Amino acid sequence: MKGVIMYVLRMPLPSMLLTAIARGSWRTPGDLGLLERVFRCEAVDPRFYSKQEILSETERWHAENDPEILAQYEGRINTEDPPGDIVRHRSIIIGDLGPDLPFALDYRRVDEEPSVIFLTVEGNWREVAPSIAAFMRALKIDYVP
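What you see is a predicted model, and the numbers here were worked out from it, not measured in a lab.

*Asks:* Give me the environment of Ser-131: which residues, what numbers.
*Replies:* Locating Ser-131 in the fold gives a position in the loop between strand S8 (125-129) and helix H5 (132-138). Taking the C-alpha atoms as reference, Ser-131 lies 18 Å from Leu-97; in sequence the two are 34 residues apart. Setting aside anything within four residues of it in sequence, one finds Ser-131 in contact with Glu-113, Pro-114, Ser-115 and Val-116. Side-chain polar atoms of Ser-131 contact the backbone nitrogen of Ala-134, separated by 3.0 Å.

*Asks:* Please give an account of the sheet that holds strand S4 (residues 83-84) that cites residues and values.
*Replies:* Taken in spatial order, the 6 strands make up an open sheet running S3-S5-S6-S7-S8-S4, and their pairing is antiparallel. In this open sheet, the two strands that pair with only one neighbour each are strand S3 (47-48) and S4. Against the sheet, helix H3 (residues 51-63) contacts S3 and strand S5 (91-96), and its axis sits at roughly 125° relative to S5.

*Asks:* Please provide a residue-by-residue account of the packing of aromatic side chains, values included.
*Replies:* With the rule as written, the count across this model stands at 9 aromatic pairs. Seen from their ring centres, Phe-48 and Phe-103 are 5.2 Å apart, and the 65° between their planes marks the pair as edge-to-face. You can see Phe-48 sitting in strand S3 and its partner Phe-103 sitting in strand S6 (residues 102-106), a full 55 residues away along the chain. Under the relative-accessibility criterion, Phe-103 is labelled buried at 0%. Relative to Tyr-73, the ring of Trp-61 lies with its centre 6.3 Å away and its plane at 70°, an arrangement referred to as edge-to-face. Here Tyr-73 lies in helix H4 (residues 67-73) and Trp-61 lies in helix H3, a separation of 12 residues in the sequence. Cluster of aromatic residues (ring-pair linked, three or more members): Trp-26, Phe-39, Phe-48, Phe-103, Phe-118 and Phe-135. The ring of Trp-61 carries the charged tip of Arg-88 above its face, separated from the ring centre by 5.7 Å.

Cut-offs used in this document
- Residues numbered from 1 in each chain as written.
- Predicted model: local features only at pLDDT ≥ 70, side-chain atom pairs only at ≥ 80, totals over all residues.
- Heavy atoms only, no water.
- Helix = DSSP H or I, 4+ residues; strand = E, 2+ residues; numbered from the N terminus.
- Contact = heavy atoms within 4.5 Å.
- Polar contact = N/O pair within 3.5 Å; in protein donor to acceptor, adjacent residues only side chain to side chain.
- Pairing = 2+ DSSP bridges.
- Axes fitted to C-alpha atoms, helices over the stretch in contact; angles between N-to-C directions.
- Phe/Tyr/Trp six-rings, centres within 6.5 Å; stacked < 30°, edge-to-face > 60°.
- Buried < 20%, exposed > 50% of the residue type's maximum accessible area, 1.4 Å probe, protein only.
- Lys NZ or Arg CZ within 6 Å of the ring centre and 35° of its normal.

Below is the structure:
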């Protein structure tokens, strides 16, 4: 997998994520308690998306134009538990904890690798890891650094 690059709407998926998907280690952890500690939220029906699901969910998210759906999913700036909102066209949806609970790579900080953010039940996006590497380490997902 080294050197393989996949772009989702002009944003590169991190190589360690592609490696984990190829190895089959990018999947819902067996220890839901660990998952809930990382997200600080109950996991209702968690799913870690395949490459095709990442692409299709992200394309659908970027094409969304229903004001009610956008109001529900875009969140709002929250200085107490950042970032609060999501920059839709600078994000890639990579999984969910259940219905209406997606998590995504956040590419808004152009000069840094993307963080992992999660839409809380309160309707705000919260950072759960500063990078995909930190996210995968926290969930004990095998990857190649």
